[in-house]
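Examining the three-dimensional arrangement
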Amino acid sequence: MAYWLMKSEPDELSIQGLEKLGQARWDGVRNYQARNFLRAMAVGDTFFFYHSSCPEPGIAGIGKIIQAAYPDPTALDPDSHYFDPKASPDKNPWTAIDVAHVETFRHVLKLDYLKQQTALAQMPLVQKGSRLSVMPVTAEQWAAVVALKP
DNA sequence: GCCAACGTTGGC
DNA sequence: GCCAACGTTGGC
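Chain A is annotated in an unreviewed UniProt entry as EVE domain-containing protein of Pseudomonas beijingensis.

**Considerations on the pairing of strand 4 (residues 58–71)**
Summarising the sheet, strand 3 (residues 46–51) and strand 4 pair through six bridges and their orientation is antiparallel. Each bridged residue has a counterpart across the sheet, and for Phe 48 the counterpart in strand 4 is Ile 62. Between strand 3 and strand 4, which follow one another and run antiparallel, lie six residues, and Ser 53 among them has a positive phi close to 50°.

**Examining the UniProt feature "domain: EVE" (unreviewed entry) in chain A**
As annotated in UniProt, the feature "domain: EVE" (unreviewed entry) corresponds to residues 2–147 in the numbering used here. Between the first and last C-alpha atoms of residues 2–147 the distance is 18 Å; the span itself is 20% helix and 34% strand.

**Regarding the layout of surface pockets**
The rolling of a water-molecule-sized probe over the atoms marks out the regions of remaining empty space. Looking at the largest pocket, its volume works out to about 550 Å³. Lining the largest pocket are 21 residues, and of these Lys 7, Ser 8, Glu 9, Asp 27 and Tyr 82 sit closest to its centre. Among the secondary structure elements, those contributing two or more residues to the lining of the largest pocket are strand 1 (3–8) and strand 2 (23–26). Looking at the lining of the largest pocket residue by residue, the class counts come to seven nonpolar, seven polar and seven charged.

**So, the sheet that holds strand 1**
By definition, the strands of a sheet pair up through backbone hydrogen bonds, in either a parallel or an antiparallel sense. An order of 2-5-4-3-1-6 is seen for the six strands of this open sheet, with the pairing classed as mixed. Taken across any chain shown, the strands that pair with only one partner, and hence form the sheet edges, are strand 2 and strand 6 (134–137). Here the strands of the sheet are splayed against their neighbours by 35° on average, with no regard to which way each runs. Of the strand pairs in this sheet, strand 1 and strand 3 are connected by six bridges, and their pairing is parallel. Among the inter-strand pairings, Trp 4 is bridged to a residue of strand 3, identified as Phe 47. Each of strand 1, strand 4, strand 5 (95–110) and strand 6 touches helix 2 (residues 32–39); the most contacted strand, strand 6, lies at about 50° to it. Relative to strand 3, helix 4 (residues 139–148) is tilted by about 60°, and along the sheet it contacts strand 1, strand 3, strand 4, strand 5 and strand 6.

**Here's the deal with the nonpolar core**
With 38 residues, the main nonpolar core has Leu 5, Met 6, Trp 26, Ile 59 and Leu 125 as its most contacted residues. Here the element with the most residues in this core is strand 5; it accounts for five residues. In this structure, Trp 26 is in contact with Met 6, Lys 7, Ser 8, Leu 13, Phe 47, Phe 49, Thr 95, Ala 96, Ile 97 and Val 99, ignoring residues within four places of it in sequence.

**A closer look at helix 4**
For helix 4, the full list of buried residues reads Gln 141, Trp 142, Ala 144 and Val 145. All buried residues of helix 4 project into a common sector of 165° when viewed along the axis, lining one side. Facing away from the buried side of helix 4, by more than 90 degrees, are the exposed residues Glu 140 and Ala 147. Against strand 1, strand 3, strand 4, strand 5 and strand 6 lie the buried residues of helix 4.

**Observations concerning the protein's contact with DNA strand B**
Taken together, Lys 7, Tyr 50, Ser 52, Ser 53, Pro 57, Leu 111, Lys 115 and Arg 131 make up the full set of residues near DNA strand B. The contact atoms of DNA strand B, taken as those within 4 Å of the protein, divide so that sugar and phosphate hold 71%.

Reading the values: rules and limits
Residues numbered from 1 in each chain as written. Chains lettered and ligands numbered in written order. Predicted model: local features only at pLDDT ≥ 70, side-chain atom pairs only at ≥ 80, totals over all residues. Heavy atoms only, no water. Pairing = 2+ DSSP bridges. Helix = DSSP H or I, 4+ residues; strand = E, 2+ residues; numbered from the N terminus. UniProt positions renumbered as here; feature names shortened; annotations may be inferred. 1 Å grid on protein atoms, 1.4 Å probe; cavity = no way out; pocket = protein on both sides within 12 Å on 5 of 7 lines; lining within 4 Å. Points joined across faces, edges and corners; volume = space filled by probe spheres on them. Nonpolar A, V, L, I, M, F, W, Y, C, P; charged D, E, K, R; others polar. Axes fitted to C-alpha atoms, helices over the stretch in contact; angles between N-to-C directions. Contact = heavy atoms within 4.5 Å. Core = buried A, V, L, I, M, F, W, Y, C linked by side-chain atoms within 4.5 Å. Buried < 20%, exposed > 50% of the residue type's maximum accessible area, 1.4 Å probe, protein only. Arc of directions from axis to C-beta. Near = heavy atom within 4 Å.

This is the structure in structure tokens:
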């Protein structure tokens, strides 16, 4: 069982939105490194739900994988913001997964606070210039964040 | 295969 | 809105 962190803009999907829905498709990832991590996810894996590009960037809660990698339908939808003209039903390079809500933190664990934690120094999340939107989390890092949980 | 130009991410 | 940093594209 592996641990992950995934970023989402709360305007698109927030932890509160996921809580309301119960489950959701995680799609629109258009970066190969992040996509490869999506493909490595297994049903039952858990992830930190990170809010990005918002007033309070940080870890907002926890979700879990309920459906492993499958072709991302938004890549084939001309009306989608994530449409990829180079993708076809036969050759769709992009991947989606399905996730479910597990927990919403009482408040967001803010990025600047996470940056102060030496246990998290190796996470791409806190490293300068890193833009990775899907990343693995070690068991130690997972435990360190859970210990900070509000 | 190199690398400049361009586009995107994401914090601030 | 700015801009640093990264990823992608495309000419050569």
